[in-house]
Every structure is written in C-alpha cells, then in structure tokens.
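Take a look at the letters that make up each chain.
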Number of protein chains: 2
Amino acid sequence: MGEFDLIARYFKRPVRRAALGVGDDCALLLPRPGTQIAISTDMLVAGRHFFADTDPCRLGHKSLAVNLSDLAACGAKPLAFTLALSLPGVDEPWLAAFAHGLLALADVHGCELIGGDTTAGPLNICITVLGEVPVVNGRSQALLRSGAKPGDDLYVSGTLGDARLALDALLGNLHVPDAVLAAARLRLEQPTPRVALGLALRGVASAALDVSDGLIGDLGHLLESSGVGATVDADAVTSLIAANRSSTLGRPAEGPLDLLLTQDQWRTLALSGGDDYELLFTAPVPLREAVAQASRSSQTAVTRIGQIDAMPGLRLVDQRGQPLANRYTSFDHFA
Amino acid sequence: MGEFDLIARYFKRPVRRAALGVGDDCALLLPRPGTQIAISTDMLVAGRHFFADTDPCRLGHKSLAVNLSDLAACGAKPLAFTLALSLPGVDEPWLAAFAHGLLALADVHGCELIGGDTTAGPLNICITVLGEVPVVNGRSQALLRSGAKPGDDLYVSGTLGDARLALDALLGNLHVPDAVLAAARLRLEQPTPRVALGLALRGVASAALDVSDGLIGDLGHLLESSGVGATVDADAVTSLIAANRSSTLGRPAEGPLDLLLTQDQWRTLALSGGDDYELLFTAPVPLREAVAQASRSSQTAVTRIGQIDAMPGLRLVDQRGQPLANRYTSFDHFA
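Residues numbered from 1 in each chain as written. Chains lettered and ligands numbered in written order. Predicted model: local features only at pLDDT ≥ 70, side-chain atom pairs only at ≥ 80, totals over all residues.

So, the interface of chain A and chain B
Here is step 1 of the chain: Listed as interface residues are 56 residues of chain A and, on the opposing side, 56 residues of chain B.
Here is step 2 of the chain: Secondary-structure elements contributing two or more residues to the side of chain A that touches chain B are helix H1 (3-10), strand S1 (27-29), strand S2 (35-45), helix H2 (56-74), strand S3 (77-87), strand S4 (112-120), strand S5 (124-136) and strand S8 (207-211) of chain A.
Here is step 3 of the chain: The leading source of residues in the side of chain A that touches chain B is S2 of chain A, at 9 residues.
Here is step 4 of the chain: Grouping the amino acids of the side of chain A that touches chain B by side-chain chemistry returns 31 nonpolar, 15 polar and 10 charged. (Contact = placed C-beta atoms within 7 Å. Helix = DSSP H or I, 4+ residues; strand = E, 2+ residues; numbered from the N terminus. Nonpolar A, V, L, I, M, F, W, Y, C, P; charged D, E, K, R; others polar.)

As structure tokens, this is what we get:
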C-alpha cells in the first residue's frame, strides 16, 4: 500500500465544516465573524511519550486528546486538526486501530481532520489543532496564563498523579494490584481533555493552563506569566490520586494503597507526575458559585487546592497549613 | 539548557500580527473579515528527507520553504506557523543556525512563528503553516487542484530536476563537476517557495499544485482531481534542468553536462525527480498574457510544457510531438 492509498483508506472522510479538507495542498477554513482562531501543536515520540507497543487505539485517542487539552486550557471550541505521521512501515491493523481511536475522539468534539502528512521514519505523531474563541465587544474570551490576581482561588480539575503511577508501575519502579494499574493506565493512555470545562470557564476563570509536565512545573508557568505567587495544599492535591481511593475501584479487599507507598511518594506522583491533562485555573473568590456551576454543567470534578498570593514563589503547605519543603520538580525533555 | 530555555533562546520573538504567540497553551490569530484560512502541514525526517549532517541553516530554510510552497500552490498569503521539533539532544550551534535559516525565510514572507513543541527523540521537524485567501462575492480565490479544463495550457515555474541531480550526486550514483553540484545542491537544500507567483496567479490559473514528489506524480494528482488528461512535452521539461545549462554556471570550459548523462537519465531527473517545490498550474489559452504578466510581476520564470486534454491519462511527447513511452514514476514514501 502506498502513501496516498494509506491516507485515503484510513484518514480521508467527507468534509463537513471546513471548506476544503484532506487532499489538496492546503485545507481551507472559513472562520465565523468575530472569532479568533486558537492554534496548538503537540508532537508525540515513540519511546519518549509512549511505549512503542501501546494499544494503537488508545494512542490515537491520546494524540488528539493532548492537543484538545490545550484548546480546553484556552477556552477554545475545537474546529479542526492536521495530522503528520512518521511510520516505520505500513502496519494495517495498527493504522486501522490508531485511526479509530483518533477519529472517535475527534467526532466526540466535532473536530475535523482536514489535512496532514505521512512519511516513513521513526514513529512520531504530530498534531496541530485549531479552535475558535469568541471576541465580545472587541475583547477575546480566551483563557490565558497571565490573568491570575492575588487572592484568587486556585483549582484543578479531575485527578492528578494516576498517569505517573501507571508509568512507574509499567517501568517496574513500583508494584500495585492489577486492578489499580488498569485504572491508572487508562488515565495514562486515554486521558480526557477537559474541553467542556474550558468552555464553561470562559468569563469565570482569571487564568488557566493544562497540566502536562506536572502540577508544580505548570503552576510555575502560570505564576510567572501572571507575576504572582501561590500557596498550595499538598494534601488536597495528593488526595486527588484516583487510584489511591480503593473504594472507587471496587476492590476494598485489597486494602488501601497508602500502605504501598510513602507519603512522600504519593506527593511526588500528584505534584510532579505529569501527563495529567487536567485544567489548572484561578478564579476570584466571589465567583466560587460560578466555578461550581461550570463544574456541574461540564460534569467535571473541580477541587480548590490553594490560593494566589502577591508574593512571588510557590509555597506548599499540609492540610493543617504547616509549610512543606518543596523538593518536587517538573518534567523537562532536555533536563 | 532545558526545554523552556531552548524555546526562549532560539524561537521566542515579540508577537506582531497574531493576538498571542509562543508561550501560552495556544496561539491566537484574528483572521481578517472575508478571508479563508489555508492550513498545511509537512514533516521532515532525518535520513529520509535530508541527510542528518545537512547545513542546519539551509535545513531551517527548507523546513519552512516546503510548507510555504503549499500555501503558494493555493494562492494563499503566509500568516503564521507552528514548529514541532524532535531533537536527539541540545546542540546549541546547530539550533542557532537552524533558527537563523528558519526565521530569515519567515521574515521574507512576513510569516510569524506563533507556537509549537520541542521534545527529545530522533531528529524530526514538523511545521504547520497558516495563510489567508480572500473570499470575493462569496467565492474563495484559492487555487485548487480540481479546476483544470480541456484545452487549458499547462505550465511549470522555475527549474525541475536539479534537486534530484544533487541527491544522486551526493549518494554517489552519478558524478558531476563541483560547480554543478554546488548549484544543484542549493536547489535541493534551499528551495525557493513560489509564494509571489501563487498570489499573482489568483484569478488567472484554473488549477495549481506544487511539485514535491516529481512532475509525473504530482501532475497525476491534478489530472485526477480535475477529471482530465494531459499531453506534456518531455523535452521542454528536460530543458528546465538548470545544472544542464553550463552557461548559467559560467563554466563553459567544462563542457556541457549532456555528455555525462543519457537523454533518458535527463528525462528521469526532470520528470520524476522530486523535491522541486515549483508550481505546476493550468490556465485558459486566452489568459496567456495574464500568465506572462504574473511571471513578470513575481519575477518567477514560467514555462509552458503542455496542454490539458479531455481524454484521461498522461501522454508524453518529444519536441517534434512524437509519443514517448512513459516509464517515469513518482516518489512514494511507502512504495
């Protein structure tokens, strides 16, 4: 099978919203009047971002999910994406499963595949996603990293640390019951982009970004962009590791996982785990009910984990408000 | 040097046209009213699209040039691009040269770097470029592959076959004088995207695409999209190999290269060479003067190489109009 057959068989579908899709030199998109286009690119490399033998259906899902997560963090509505794929060879069952996982998530969000590139080479997946953000009275409704103000509440969506738990277990660095690994692995391999929450937070959140390199590192970007500091309840964050709540797994007979790891290990997973794709955002205290409403309308759990300070820097405290040393770092591809 | 230092040092510049550039989750672009956004993605893999030891400045140029060539083929004006870069490690001189070549070409075309991704992995460069195309009276001015009509003239810009000549010489498959290799190598490593010609052909060309996989293969896509056939003068095409015109190299003492290669080898270079990034386009016969005017205003040579037929298929003829067997194929990454 050649390059063009491959595209036609697995990735070409009738164009819906775009004026012109896969198959010409460019795709063409007609933005609605009064909207900004939000653009983000993420590249996933085999052996670096995923194991080469990852279930291709989940990999297709994740490849788009990490990009949709960036749109969510901007409060942008997904429109379309391009896919560039470097493949060691043509493995049809792999391609069929990859396309299935990718396009199923695309359909959930009405995000259309409008073009791309395929080439031979080490397995590499590069997606560029386009979304739209309304401009109201000349003001963009996009959620930026730079809007956090002293006194704002700090929130995170969903759960944190499970992806890293799964990664460590798959690497053999820690041992957990099979049911726990299966649940955590779903979070690693098939993360849920918080698109609906991002849209619901327009006009509510003062700043937002998505957690991909770990909470500590990504919060650092938000604080730096906003020129503020923060105090974070490390225990509130640690409690968000879903795999730690054995009741949610329906396997209480195995006993709580707390016994398996030290408190410091749990904190490391939650604070600098990475690959979470949750939204980290701030909102003024008077908007707590609006945040709760955004959480309900998007059916996405949201937890208040701290507050924004005028004093620069990040301060970790435990549940009693006692300071904790911050020995937690973020993921860096070149560190 | 970490990932964020790398981005800040080599790729972050003040935002100009885009509402928001490198550094947030998404870039934001505010399209002008009455314009379509044209989008294209190309991925370049070391060892496949370029030698790993290619001059990084030229590689930076080429990485963007091949994407701008897609915009040119659509008649789109370059606006902005994202860069995803997978690097085996942080080689600062390499990065500085790559960024220099990339951003110098971006500046020539007013095309702004608005975001992207960097990661560790096998050397891979993925660029997504955005351009704009006016919509006049509800009609897009984009040049598509599908508009060629029987009787239209068939044209190609610039020169063909030099990139393949250089590639074959670098691979040791053929031997040419140093000056010839240097000239041909510039065409391979630093192609000129025909952006100005593409813009000048709006409203003139009936169909267009860029030649990246070789003339025969890419013309096949145009013919298929348009539901037509074509007759091509193979000798007109062969004469476009710049390296073959020893006078242009100022080295007539070395004698013409015709003696080095057979006529069939020359035809193969020109007809199925690839990596040319010239525009292949059609226009109605009454618009010949308009095509000549577009060529002059864009300072880009254009050669008429054949015509569009109602009968499907591609017919090659020599300069006397005698049929030639078509044994020329196109490049396929997975063939």
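Here the narrative resumes.
Points about the sheet that holds strand S13 (residues 323-324) of chain A
Residues and elements named next belong to chain A.
Here is step 1 of the chain: Strand order in the open sheet formed by 7 strands is S8-S10-S7-S11-S9-S12-S13, with mixed pairing between adjacent strands. Each having just a single partner strand, S8 and S13 make up the two edges of the open sheet.
Here is step 2 of the chain: Contacts from H2 reach S8 and strand S10 (278-283), with the element oriented near 165° to S8. (Pairing = 2+ DSSP bridges. Axes fitted to C-alpha atoms, helices over the stretch in contact; angles between N-to-C directions.)

Details of the sheet that holds strand S7 (residues 153-157) of chain B
Residue and element names in this part refer to chain B.
Here is step 1 of the chain: Sheet architecture is open: 7 strands sit in the order S8-S10-S7-S11-S9-S12-S13, paired in mixed fashion. The open sheet has two free edges, formed respectively by strand S8 (207-211) and strand S13 (323-324), since each of these has just one partner strand.
Here is step 2 of the chain: When S7 meets strand S10 (residues 278-283), the two strands line up antiparallel, connected through 4 bridges. Of the residues in S10, the one forming a bridge with tyrosine 155 is phenylalanine 281.
Here is step 3 of the chain: Packing of helix H2 (residues 56-74) onto the sheet brings it into contact with S8 and S10, and relative to S8 it is tilted by some 165°.

Notes on the packing of helix H7 (residues 215-226) of chain B against helix H10 (residues 263-272) of chain B
All names here are of chain B.
Here is step 1 of the chain: As a packed pair, H7 and H10 sit with axes 6 Å apart at the nearest point and diverge in direction by 40°. Judged by the angle between their axes, H7 and H10 are oblique. The segment H7 lies against H10, with Leu215, Ile216 and Gly217 engaging Ala270, Leu271 and Ser272.
Here is step 2 of the chain: In the contact of H7 with H10, the residues fall into 4 nonpolar, 2 polar and no charged. (Parallel < 35°, antiparallel > 145°, perpendicular 65-115°, else oblique.)

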